[in-house]
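The residues making up each chain are set out below.
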Amino acid sequence: MKPRPIFSLLAATVVLALAVGLLRADEKAHKLTTVSTRKMADSLHAIIAADQRAYAELVAKSQGAAAERLPTHAQQLRQAAQAIQKKGAEFSYTLRSLTPINPNNGPQSDVEQTGLDFVAQHPEENYYREEELGGRSYFTAVYAERATLASCVECHNQHAGSPRRDWKAGDVMGAVVVRVPLEF
Ligand code: HEC
């Protein structure tokens, strides 16, 4: 017996609806599992910046001998970054400046140099580039570090090792550089 056209039409509609449903579900799952490299770098930076801020506020509140015993924000950032690397993290981050107290915090690649120049001139913007280091490609993001607390300016202007002593509130003092590998 020949199937009635109405049933064929119904069956075709059901199959089509199922296919569309599956496609939509797949699209949704894809959206949930894919994070762009730039978004990943921005998210890492948001955490680093919030941590640095909280730590700088804590140090600013502590006084006298207690404050002197605390590591500086730069040491705190380096220790955390190194601990994460030891645990096998693929991404990395570091603090940089064109006029650093610690000479090791100066720019160490062309992208870092250009990124520091860029954020110094465009403090509201971030700098993103791909760079090749040791034969591996990285997505490198550079975020301005501004003097948002009075203590940033005071400590950097007074520090014996500081090559610059005319920092003012709001100045771009350097940058946080975040690197995410593009090949695994
Ligand atoms: C109590 C002192 C102190 C305060 C407060 C302080 N810094 Fe620093 N900062 C340092 C020292 C010391 C270093 C270098 C130390 C190192 O790398 O181990 C440093 C490093 C840096 C660097 C890396 C370049 C360099 O100079 O070596 C940047 C950028 C920076 N600080 C920005 C800031 C900002 C922005 C604030 C405020 C939110 C701030 N600092 C508050 C002492 C301070």
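- The protein chain is annotated in an unreviewed UniProt entry as Tll0287-like domain-containing protein of Opitutus terrae.

### Quick notes on the nonpolar core
For step 1, the next point in the chain: Counting residues in each nonpolar core, the largest one holds 15 residues, and the members touching the most others are Val119, Val142, Tyr143, Ala175, Val176, Val177 and Val178.
For step 2, the next point in the chain: Contributions of two or more residues to this core are made by α2 (37–61), β1 (92–96), α5 (110–121), β3 (136–146) and β4 (172–181).
For step 3, the next point in the chain: Not counting residues up to four positions away in its chain, the partners in contact with Val176 are His45, Ile48, Ala49, Tyr93, Leu95, Tyr143 and Glu145.

### Notes on the pairing of β4
For step 1, the next point in the chain: Taking burial as the measure, the ten residues of β4 include seven buried ones, the bulk of the element.
For step 2, the next point in the chain: As paired elements, β1 and β4 share five bridges and run antiparallel to each other. Paired with Thr94 across the two strands is Val177, which belongs to β4.
For step 3, the next point in the chain: Bridge analysis of β3 against β4 gives nine bridges, and the strand direction is antiparallel. Looking across to β4, one finds that Ala141 is bridged to Val178.

The rules we used
Residues numbered from 1 in each chain as written. Predicted model: local features only at pLDDT ≥ 70, side-chain atom pairs only at ≥ 80, totals over all residues. Core = buried A, V, L, I, M, F, W, Y, C linked by C-beta atoms within 7 Å. Buried ≥ 20, exposed ≤ 12 C-beta atoms within 10 Å, placed from the backbone. Helix = DSSP H or I, 4+ residues; strand = E, 2+ residues; numbered from the N terminus. Contact = placed C-beta atoms within 7 Å. Pairing = 2+ DSSP bridges.

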